[in-house]
Amino acid sequence: MTLSAYIEGIGLLGPGLSNWPSSRAVLGGQQPYQPGKTVLPAPALLPAAERRRCGAIVKLTLATGLEAVAAAGLAAASLPSVFSSSGGDGESCHIICEMLASSDRQISPTRFHNSVHNVAAGYWSIATGAMTPSSVLSAFDASFGAGLLEALSQVAVDDTRSILLACDTVYPEPLYSARPIPDAFGIALVLSPQRSARTLAQITVSLTDANADAGADRFDDDALEGLRTAIPAARGLPLLRAIALGQAQRAVLDYLDGTRLAVAIVPC
Amino acid sequence: MNPLWLSHFTATSSIGRGLDQTLAALRGRRGGLAPCAFDTVDLATFIGEVAGVDALQMPAHLADYDCRNNRLALLGLTQDGFDEAVRAASAKYGAQRIGLFLGTSTSGILQTERAYRRRDPASGALPADFDYRCTHNTFSVADFTRHYFGLTGPAVVVSSACSSSAKVFASARRMMATGLIDAAVVGGVDSLCLTTLYGFNSLGLISEQACRPFDAQRNGISIGEAAAFALLERSPEHLEADAVLLLGVGESSDAHHMSSPHPDGLGARMAMQDALSMAGLQPSDIDYINLHGTATQSNDAAESKAVRQLFGPGTPCSSTKGATGHTLGAAGGVEAVICALALRHGLLPAGLNTRQLDPALELDYLLENRERPVARVLSNSFGFGGTNCSLVFGRADSLVNELVNKP
């Protein structure tokens, strides 16, 4: 059983990776990977009040999502969406837990609504005007795979385009030690049921039995491989590498313990 | 859509463990809200607490998952033979052919709140026994359930605040339609914690009384906790007359505000309309609406507008949050089960605590139970971030009548 879609736009932002076009040569191995801190742009699309209030997960989601939508030449408001991340806004969570452990439990209302797992989905809808269905998911380290399956299901069953926004951000200490995600990283993919002039590649995904398989694709570069294993959304990087290489091939992505996703990629 | 069969379902909330107690409470109009004495909370409010959660023992091999949310999940899973039904389905279809879709808003964050009180005074570190992955992380309840049943198929948590466990039906429907899975365990689990109690309090949305949905004097929510589950299977050729089917799902986003609904209920109306369209039904086909009905000023006003625009003022409706409290990420699941009970037993449950209906809301809001045949119902779940989901359920014999009545 397989699920298939056409990729029409890609957004990418992470440590040393500032967008998809400039990262292609790095992922394809033609240029060395230069690690660096993720630079999150201010979300210009949000009204001033919301722009001030929003955290890293919102900035990251908007940046990667808008890059993918622009590349696909589409209006964000028209797209059903899938948001997938291991956790929500780590800083809000930390500050709330700190206050709740103190003698002053009067947390700020903005801090509270920013702490919901679907905060990025809410701000995305406000920023883009999208009134479309959105699925907001978590599957811990399997979040990229879970998001990809959900988006492919939307495409296949509802016969619609869909945007996948897989993003993870950092917890401050002391939660950082319990969940050491080193930096913000996001991948956005615009997926379509049909081929178009903008199509970059067709992908066909199936579940694999981990026992019968050699394991997920890795990177030879230690820093890139470190990124892939340390950040849930970066488990999707082997898929982007395959697209960057521009040849028909198969990528295997980490998913749940005991199950991986095999992706057949055909450049268009 | 092809109707999906809720072959097994169960709910555990402050009004009861499992279906019999839940139905008896609805029939007897007994609520589960009581003055808050949870943990160290010093707020004057009512909560819907599930009794006995602290006393539960986790299975030894899943001890790492021990937290209030997963204990509540375990309590819910072991009611009404649901546990056995999932294991039988796993044997029938194969463990990799069953998807797992659970909703929660705060997962096991209570564990982290408590760990922050025990930080190392010198280093600030969390205590060594704190397990982020198995308790706090949003996926924890699905991870626990997956291991509990030995399921190996797709598994995910949907966490879109108070629409979470309605949305799981949408995700499960799609994945079943792709053919990737043959059955789905869906549901919602959310448990009491300080983040939501103090958080909703900071927004001025917590009532100091037991919440009064659609009342002229309503002034906020009462937070509850619950675990509700359903096993979804493809509809077999022959079903009992009172079998419960998922007929339609509608989803939308408000694109309006993080913590208040679109004032005219535009997103809510779109979700209800899409659910009806997917079911191939007209508003007049719906016998009862289980409202989101949180008892905040803004939700009930916006939701009543949306319902009135689509259904007119005549469709019987109520919010069962006066009984259970607002169980947040579990609300969609609990209310789906209440809808299933309404269909099976011909009961339109009255809303509790509502003394004087708000005349501005103009709906047939039930203040007394009605006993009458119920063929099709709609359930609303809306959440922070402007996320909306409506579900349509029907009895199997309503589909037969449909075919008879429509040549």
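All values derive from a computational prediction rather than experimental measurement. (Residues numbered from 1 in each chain as written. Chains lettered and ligands numbered in written order. Predicted model: local features only at pLDDT ≥ 70, side-chain atom pairs only at ≥ 80, totals over all residues.)

S.K.: Honestly, the overall build of chain B in this entry has me stumped. Any pointers?
M.R.: Of regular secondary structure, chain B possesses 13 helices and 17 strands. Rg of the C-alpha trace for chain B: 20 Å, near the compact-globule value of 22 Å for 407 residues, within the 12% margin. Each principal axis of the C-alpha atoms in chain B carries an extent, and together these give about 75 × 50 × 40 Å. Long-range contacts, defined here as pairs at least 24 residues apart, represent 80% of the contacts in chain B between residues at least 6 apart. (Helix = DSSP H or I, 4+ residues; strand = E, 2+ residues; numbered from the N terminus. Rg over C-alpha atoms; globule rule 2.2 N^0.38 Å. Contact = placed C-beta atoms within 7 Å.)

S.K.: Help me understand the confidence of the model for chain B in this model?
M.R.: One rule of thumb: low pLDDT means the predicted coordinates there are not for detailed reading. Predicted confidence across chain B gives a mean pLDDT of 97, with 98% of residues reaching 70 or more. Interface predicted TM-score (ipTM) for the complex: 0.98; the corresponding pTM is 0.98. (pLDDT = per-residue confidence, 0-100.)

S.K.: I keep staring at helix H2 (residues 68-77) of chain B and nothing clicks. Help me out?
M.R.: It helps to recall that an α-helix has 3.6 residues per turn; residues three or four apart then point in one direction. Counting buried residues along H2 of chain B, 10 of its 10 residues qualify, which places the element largely inside the surrounding structure. Every buried residue belonging to H2 of chain B is among Arg68, Asn69, Asn70, Arg71, Leu72, Ala73, Leu74, Leu75, Gly76 and Leu77 of chain B, and all of these are buried. (Buried ≥ 20, exposed ≤ 12 C-beta atoms within 10 Å, placed from the backbone.)

S.K.: Would you take a moment to explain the interface of chain A and chain B for this structure?
M.R.: One widely used convention gives an interface's size as the accessible area the parts lose upon coming together. Contacts between chain A and chain B engage 53 residues on the former and 53 residues on the latter. Counting only elements with at least two residues in the side of chain A that touches chain B, the list comes to helix H4 (90-100), helix H5 (109-114), helix H6 (119-128), strand S3 (134-138), helix H7 (143-158) and helix H8 (175-178) of chain A. At eight residues, the largest contribution of residues to the side of chain A that touches chain B is made by H7 of chain A. The residue inventory of the side of chain A that touches chain B, partitioned by class, reads 27 nonpolar, 20 polar and six charged. Examined bridge by bridge, S3 of chain A and strand S6 (residues 155-158) of chain B share two bridges and lie antiparallel to one another. Residue pairing for S6 of chain B: Leu137 of chain A is matched across the bridge by Val158 of chain B. (Nonpolar A, V, L, I, M, F, W, Y, C, P; charged D, E, K, R; others polar. Pairing = 2+ DSSP bridges.)

S.K.: Quick question: what am I supposed to make of the pairing of strand S2 (residues 81-84) of chain A here?
M.R.: Each regular strand shows side chains that alternate between the opposite faces of the sheet. All names here are of chain A. Here S2 shows a buried face lined by Ser81 and Phe83 and a second buried face lined by Val82 and Ser84. Here four bridges tie S2 to S3, and the two strands are oriented parallel to one another. What sits directly across from Ser81, in S3, is Ser134. Relative to strand S4 (residues 162-168), S2 runs parallel, the two being bridged by four bridges. Bridge assignment links Ser84 to a residue of S4, and that residue is Ala166.

S.K.: It is not clear to me how the sheet that holds strand S3 (residues 34-35) of chain B should be interpreted in this structure. Could you clarify?
M.R.: Across a sheet, paired strands are connected by hydrogen bonds in the backbone, their directions being either parallel or antiparallel. Residues and elements named next belong to chain B. What the three strands build is an open sheet, ordered S3-S4-S8; its pairing is mixed. Since the sheet does not close on itself, it has two edges, and those belong to S3 and strand S8 (223-224), each with one partner. One ladder, built from two bridges, connects S3 with strand S4 (residues 46-48); its direction is antiparallel. Residue pairing for S4: Ala34 is matched across the bridge by Ile47.

S.K.: Mind showing me how you'd approach helix H3 (residues 56-72) of chain A here?
M.R.: All names here are of chain A. Compared with an ideal rise of 1.5 Å per residue, which puts 17 residues at 24 Å, H3 spans 24 Å between its outermost C-alpha atoms and is within 8% of the ideal. Taking burial as the measure, the 17 residues of H3 include 16 buried ones, the bulk of the element. Just downstream of H3, Gly73 is the residue with a positive phi angle, here 65°. (Expected span 1.5 Å × (residues − 1).)

S.K.: Would you mind showing me how to read the nonpolar core here?
M.R.: Here is a general trend for soluble globular proteins: nonpolar side chains tend to be buried in one another's company. Ranked by internal contacts, the top residues of the largest apolar core, which has 231 residues, are Ala184, Leu232, Leu391 and Phe393 of chain B. A per-element tally of this core places H3 of chain A first, with 11 residues. In this structure, Phe393 of chain B is in contact with Val244, Leu245, Leu246, Leu247, Ala336, Cys339, Ala340, Leu343 and Val377 of chain B, ignoring residues within four places of it in sequence. (Core = buried A, V, L, I, M, F, W, Y, C linked by C-beta atoms within 7 Å.)

S.K.: Explain the environment of Leu378 of chain B to me, please; I cannot follow it from the model alone.
M.R.: Residues and elements named next belong to chain B. Topologically, Leu378 is positioned in strand S16 (residues 376-383). Among the residues examined, Leu378 registers 32 C-beta atoms within 10 Å and is labelled buried. In this structure the C-alpha to C-alpha distance between Leu378 and Ser277, which are 101 residues apart in sequence, comes to 12 Å. Those residues in contact with Leu378 that sit more than four places away from it in its chain are Met272, Ala275, Ile286, Ile289, Ser390, Leu391 and Val392.

S.K.: What exactly am I supposed to notice about the pairing of strand S5 (residues 98-103) of chain B here?
M.R.: Residues and elements named next belong to chain B. Of all six residues in S5, six are buried; the element is thus mostly enclosed. Judged by which residues are buried, S5 turns out to be covered on both faces: Ile98, Leu100 and Leu102 on one side and Gly99, Phe101 and Gly103 on the other are all buried. Examined bridge by bridge, S5 and S6 share four bridges and lie parallel to one another. Residue pairing for S6: Leu102 is matched across the bridge by Val157.

S.K.: How should I be thinking about unusual backbone geometry in this particular structure?
M.R.: A negative phi holds for most residues other than glycine; trans holds for most peptide bonds. Residue Glu173 of chain A is joined to Pro174 of chain A through a cis peptide bond whose omega torsion reads 5°. Backbone geometry places Ala255 of chain B, a non-glycine residue, at a positive phi of 55°.

S.K.: In this structure, what is going on with the environment of Ala268 of chain B? I would like to understand it.
M.R.: Residues and elements named next belong to chain B. Among the structural elements, Ala268 can be located in helix H9 (residues 266-279). Owing to 32 C-beta atoms within 10 Å, Ala268 belongs among the buried residues under this scheme. With 111 residues separating them along the chain, Ala268 and Ser379 place their C-alpha atoms 11 Å apart. In contact with Ala268, other than residues within four places in its own chain, are Pro261, Ala302, Glu303, Ala306, Asn380, Phe382 and Asn388.

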